[in-house]
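# Fold and geometry: a report
Read off the chains here:
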Amino acid sequence: MPINQQILLDNRPQGEAVASNFKLVSAETPALADGQVLVRHHYLSLDPYMRGRMNESKSYAASQPLGEVMIGGTVGEVVESRNAKYAVGDKVVGMGGWQEYSVVDANAPGALRKVDTTHVPLSHYLGAVGMPGVTAWYGLVKIIAPKEGDTVVVSAATGAVGSAFAALAKARGCRVVGIAGGADKCKYATEELGFDACIDYKVHGDVKAMAKALKEACPNGIDGYFENVGGWIMDAVMLRMNAFSRIALCGMIAGYDGAPLPMANPALMLINRMKVEGFIVSEHMEVWPDALKELGTLVGTGKLRPRETIAQGIAAAPEAFLGLLKGKNFGKQLVKLV
Ligand SMILES: NC(=O)c1ccc[n+]([C@@H]2O[C@H](COP(=O)([O-])OP(=O)(O)OC[C@H]3O[C@@H](n4cnc5c(N)ncnc54)[C@H](OP(=O)(O)O)[C@@H]3O)[C@@H](O)[C@H]2O)c1
């Protein structure tokens, strides 16, 4: 059986996550039992939620246990099978973790899904046509529920979720405004992702400046906000929200290292009769088929051309992950393993 390089969570972060929280080890892949398949991972997905799992505190999901392979989405190829439903060569998406191979009980519900790479490249099943894409879809369609002509805003606009959000919102006739870090990301947002405008929060770096930039970019106010960041950026957006507007509370990455994110003006939720709803995409499996169908069509027809930042080899995963938490990624952050 092949040797499998793995990354374990060795110890929990004290404040900011650091590379020494992780440990690289090698192990033999075990022989397969009936019903199992051996998957060789081509790509590992790195996602902000992993930072929360590294903590021991109460959350919507259990903590990542110490000394075990880090949790993570993977796409790859079946290289050995003792399951009649899977053949060698099948391309699959699963939760294989930060390692080169995984042994999967392929009969377990949701453990593995075959994917078609004819029109959608394999890696995109971890991004636009995977969990991040469905996240954008859920927040937009089920929470913001825009009408044609509505103005919607998204933070972390050029990331895996934000870029899918733009394509989905444009398809519904919205004015779409992004907030992102840096001139390059903003240029990419308007020139390639279809955003009508994008505001660089490194230039408009406080509540007043951001609220002013938003007023210019959103002359009719904001009907829907897809929140990925939290903190002062959310405070600024709140100042421009319309009556009966909606906020899909998807992520608050600015606070993932433990910094408090106080809210300056919660009374605006009352004054504007706003709906503010948090959600976890894995709790809404009922929407995945419809969402993946739409996202697959957008990618297959070239209307959504997601960008990827790809680190090479499993040993590069910790640094790539820490970079993601600091905005060093440009689009979906992946690790290429083959
Ligand atoms: N609720 C759910 O079920 C669910 C599912 C998936 C993802 N999410 C959330 O969705 C958000 C986006 O995820 P993603 O996978 O698409 O990641 P991503 O946007 O590809 O990468 C994270 C981005 O966050 C931005 N960022 C990081 N620290 C920041 C800070 N302090 N202030 C402002 N921006 C910061 C950076 O972009 P800039 O360079 O532009 O700042 C960075 O590129 C995250 O908050 C994640 O936790 C939630």
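As the structure is a prediction and not an experimental result, all values here were calculated from the model.

## Observations concerning empty space enclosed by the protein
- Tallying each qualifying case throughout the model produces three cavities of 30 Å³ or more.
- Looking at the largest cavity, its volume works out to about 40 Å³.
- Element by element, the count of residues in the lining of the largest cavity is highest for helix H3 (residues 160–171), at three residues.
- Of the residues in the lining of the largest cavity, the class split is five nonpolar, two polar and two charged.
- The residue makeup of the lining of the largest cavity includes at least three contributed by each of domain 1 (3–127 + 306–336) and domain 2 (131–282).

## A look at the UniProt feature "domain: Enoyl reductase (ER)" (unreviewed entry) in the protein
- UniProt marks residues 17–335 with the feature "domain: Enoyl reductase (ER)" (unreviewed entry), using the numbering shown here.
- Regarding residues 17–335, the helix share stands at 26% and the strand share at 25%, and the terminal C-alpha atoms are separated by 18 Å.

## Focus on helix H8 (residues 288–300)
- In this model H8 runs 17 Å from its N-terminal to its C-terminal C-alpha over 13 residues, within 8% of the 18 Å that 1.5 Å per residue would give.
- Looking only at H8, the buried set comprises Trp288, Ala291, Leu292, Leu295, Gly296, Leu298 and Val299. For H8, the angular spread of buried residues about the axis comes to 160°, placing them on one side. Away from its buried face by more than 90 degrees, H8 exposes Pro289, Asp290 and Lys293.
- Gly302, located one to two residues past H8, shows a positive phi value of around 80°.

## What about the side chain of Thr29?
- Take Thr29: it is sitting in the loop between strand E2 (22–28) and strand E3 (36–45).
- Of the residues examined, Thr29 reaches a relative accessible area of 5% and is grouped as buried.
- Setting aside residues no more than four positions away along its own chain, Thr29 makes contact with Met1, Pro2, Asn4, Leu38 and Tyr101.

## Here we look at the site of the ligand
- Around the ligand, the structure places 27 residues, and the nearest of them are Lys185, Tyr201, Tyr256, Val281 and Asn329.
- Between the ligand and Lys185 there is a distance of 2.6 Å, counted from an oxygen atom to a side-chain nitrogen or oxygen.
- For the ligand, whose accessible area on its own is 910 Å², the fraction buried by protein is 91%.
- For the shell around the ligand, the secondary-structure elements that each account for two or more residues are helix H2 (131–144) and H3.
- In the shell around the ligand, the residues fall into 18 nonpolar, eight polar and one charged.

## Details of the state of the cysteines
- As enumerated under the stated definition, the model contains zero disulfides in all.
- No disulfide involves Cys250; its nearest neighbouring cysteine sulfur is the one of Cys174, lying 17 Å away.

## Digging into the environment of Tyr201
- Note that Tyr201 resides in the loop between strand E10 (197–200) and helix H5 (207–217).
- For Tyr201, a relative accessible area of 31% gives the class partly exposed.
- Distance in space between the C-alpha atoms of Tyr201 and Ala291 is 30 Å, their sequence separation being 90 residues.
- Residue contacts for Tyr201: discarding those within four places in its chain leaves Ile179, Ala180, Gly181, Met210, Trp232 and Ile233.

## A short note on the packing of H3 against H8
- In the contact formed by H3 and H8, the axes pass within 11 Å of each other and the chain directions differ by 95°. Here H8 runs roughly perpendicular to H3, going by the angle between their axes. In contact with Ala164, Ala167, Leu168 and Ala171 of H3, H8 contributes Glu294, Leu295 and Leu298.
- Taken together, the residues that form the contact of H3 with H8 break down as six nonpolar, no polar and one charged.

## Topic: H5
- Three or more residues of H5 are buried, namely Met210, Ala211, Ala213, Leu214 and Ala217. Within H5, the buried residues cover an arc of 165° as seen down the axis, which keeps them to one side. Opposite its buried face, H5 presents the exposed residues Lys208, Lys212, Lys215 and Glu216, each directed more than 90 degrees away.
- Next to the buried residues of H5 lie strand E8 (151–155), strand E9 (175–180), E10, strand E11 (222–227) and helix H6 (232–238).

## Digging into the sheet that holds E8
- Pairing within the open sheet is parallel, and its six strands lie in the order E10-E9-E8-E11-E12-E13. Each edge of the sheet is formed by a strand with only one pairing partner; in this case those strands are E10 and strand E13 (275–278). This sheet shows a mean twist of 15° between the axes of neighbouring strands, independent of strand direction.
- Across four bridges, the pairing between E9 and E10 is parallel. From the neighbouring strand, Val177 faces E10, where its bridge partner is Ala197.
- On top of the sheet, H2 reaches E8, E11, strand E12 (241–249) and E13; it is set at about 145° to E11, its chief contact.
- Where H5 meets the sheet, it contacts E8, E9, E10 and E11, and its direction lies at approximately 170° from that of E10.

Cut-offs used in this document
Residues numbered from 1 in each chain as written. Predicted model: local features only at pLDDT ≥ 70, side-chain atom pairs only at ≥ 80, totals over all residues. Heavy atoms only, no water. 1 Å grid on protein atoms, 1.4 Å probe; cavity = no way out; pocket = protein on both sides within 12 Å on 5 of 7 lines; lining within 4 Å. Points joined across faces, edges and corners; volume = space filled by probe spheres on them. Helix = DSSP H or I, 4+ residues; strand = E, 2+ residues; numbered from the N terminus. Nonpolar A, V, L, I, M, F, W, Y, C, P; charged D, E, K, R; others polar. Domains from an automatic or database assignment. UniProt positions renumbered as here; feature names shortened; annotations may be inferred. Expected span 1.5 Å × (residues − 1). Buried < 20%, exposed > 50% of the residue type's maximum accessible area, 1.4 Å probe, protein only. Arc of directions from axis to C-beta. Contact = heavy atoms within 4.5 Å. Near = heavy atom within 4 Å. Polar contact = N/O pair within 3.5 Å; in protein donor to acceptor, adjacent residues only side chain to side chain. Areas by Shrake-Rupley, 256 points an atom, 1.4 Å probe, with all protein chains shown as cover. Disulfide = S-S within 2.5 Å. Axes fitted to C-alpha atoms, helices over the stretch in contact; angles between N-to-C directions. Parallel < 35°, antiparallel > 145°, perpendicular 65-115°, else oblique. Pairing = 2+ DSSP bridges.

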